[in-house]
Amino acid sequence: MAVYTGLLGSEILMGSEILMGTKFIGHVELGCEPKKIIVPIMPVHAEDIGGLVRGAETAGADIIEWRIDFWGDVRGLSGSSNSVEVAEAEGAEVASDALEKTHPRTDTTTTNAHHSIIKAAGRIRRLTSIPILATCRTSLEGGQTSLTDSAYENLLHALITCGHIDAIDVEFFSYPDVWDKARQWAKEAGITTIASHHNFDHTPQELEILNRLATMEEGGADIAKIAVFPHGYTDVCTLLSATATAAKYMDIPIITMAMGHVGMMSRLMPTAFGSVATFGSAGQVSAPGQVDAKEMRDILTLTEKL
Ligand SMILES: O=C1C[C@@](O)(C(=O)O)C[C@@H](O)[C@@H]1O
């Protein structure tokens, strides 16, 4: 991990003191005012997509995050030796008998799942002009699906090259061998790479948060994102202090949040602390402590006057 060499500070920055650059996700610019609201949607089946996309639009999403780990067919992609059995047991789409004769079962399962994911991505794209961030949050970081390195890599490749998404979330520290490839593919495809890290257990020391953000920047991330779990308001302060310092000394935009009820306040004032976006919900929350996106817009409008 990179060693953070900037000054450690607990200062709260005024907007003009934030030095990091901006980055685009689709046509939306992050790193400038107003701060952006990312609304997660978690469709499981194709018939869920229309309503969820409409809900995100009505909620005023600047960016839609598609949480692919909830998608039914992703469960067939565990990549472990019993992936097909898991898929069958859980009712995921599996290979037809004819295909199974010519392809190994796991390959066919993978192909079917990728096909269904790409089709769903195309469907979301046709329904909305809001930029799409694709995230497969794995069980290593609090998500719904467990993927081997190669299953994660193949899934990211299918998503990045499908032509329907504007940004990809990559679990930087959980899949270090996948990161460089994903970043390169994203660069070639002209989409934005968000390096992300979740700690669902606790809030690390400020220096560790800063080191992780700096390491993601050094690794070539377009945007660095960290979510931590606080066990009290001092933990929330630690996260916010790290955010304010990182926003001052890093060149790329950052997104941070403390999860859970106690962490909710960390989501409310991105303008003051330097996170370039905040996640807001439209009916479904993808992480504990998310605030309703419409209420979030009012709060952003108010706090941007500060
Ligand atoms: O990384 C994040 C942030 C998040 O975990 C949150 O706490 O709002 C929600 C996730 O859907 C997203 O991928």
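Since the structure is predicted, the reported quantities are computational estimates derived from the model, not experimental observations.

What follows deals with the sheet that holds strand 5 (residues 132-135). Each strand in a sheet pairs with another by means of backbone hydrogen bonds, the pair being arranged parallel or else antiparallel. Taken in spatial order, the nine strands line up as 9-8-7-6-5-4-3-10-11 in an open sheet, and their pairing is parallel. Edge positions in the open sheet fall to strand 9 (254-258) and strand 11 (291-292), since each of these has one partner strand only. Taken together, the two bridges between strand 5 and strand 6 (residues 167-171) define a ladder with parallel strand orientation. Along strand 6, the bridge assignment pairs Ala134 with Ile168. Sheet strands touched by helix 1 (residues 49-58): strand 3 (36-41) and strand 4 (63-67). Its angle to strand 3, the strand with the most contacts, is close to 160 degrees. Strands in contact with helix 7 (residues 206-218) are strand 7 (192-199), strand 8 (223-228) and strand 9; relative to strand 8, the strand with the most contacts, it is inclined by about 150 degrees.

Taking 1.5 Å of rise per residue, the twelve residues of helix 5 (residues 149-160) would be expected to cover 16 Å, and the 16 Å separating its terminal C-alpha atoms lies within 8% of that figure. For helix 5, the full list of buried residues reads Ala151, Tyr152, Glu153, Leu155, Leu156, Ala158, Leu159 and Ile160.

Below, the discussion takes up the UniProt feature "binding site: 3-dehydroquinate" (unreviewed entry) in the protein. UniProt records the feature "binding site: 3-dehydroquinate" (unreviewed entry) at Glu65, Trp66, Arg67, Arg137, Arg267, Ser286 and Gln290, using the numbering of this structure. For Trp66, the residues in contact, after removing those within four places along its chain, are Ile41, Pro43, Trp71, Ile117, Ala120, Ala121, Ile124, Ile132, Leu133, Ala134, Thr135 and Leu159. By the secondary structure assignment, Ser286 is in the loop between strand 10 (277-281) and strand 11. The class for Ser286 is buried, based on a relative accessible area of 16%. Every residue in contact with Ser286, bar those within four places of it in the chain, is listed here: Pro40, Met42, Glu65 and Arg67.

Each value, and the rule that gives it
Numbering of residues starts from 1 in each chain and follows the order in which that chain's sequence is written. Where totals are concerned, whole chains, interfaces and linings use all residues; where local detail is concerned, this predicted model gives features only for residues with pLDDT of at least 70, and gives and counts side-chain atom pairs only at 80 or more. The basis for every side-chain value is the complete set of heavy atoms in the structure, and neither hydrogens nor water enter the calculation. Criterion used throughout: strands pair if DSSP finds at least two bridges between them. A run of DSSP states H or I qualifies as a helix once it reaches four residues; a run of E qualifies as a strand once it reaches two. Both are numbered from the N-terminal end. Contacts between residues were defined by any pair of non-hydrogen atoms, one from each residue, lying within 4.5 Å. In this description, a line fitted to the C-alpha atoms serves as the axis of each element, helices being fitted only across the stretch in contact, and the angle between N-to-C directions of two axes falls anywhere from 0 to 180 degrees. Here a helix's expected span is defined as the number of its residues, less one, multiplied by 1.5 Å. Relative accessible area decides the class of each residue, using a 1.4 Å probe on protein chains only: under 20% of the type maximum gives buried, over 50% gives exposed, and in between gives partly exposed. UniProt positions are given in the numbering used here, feature names are shortened, and annotations may be inferred rather than shown by experiment.

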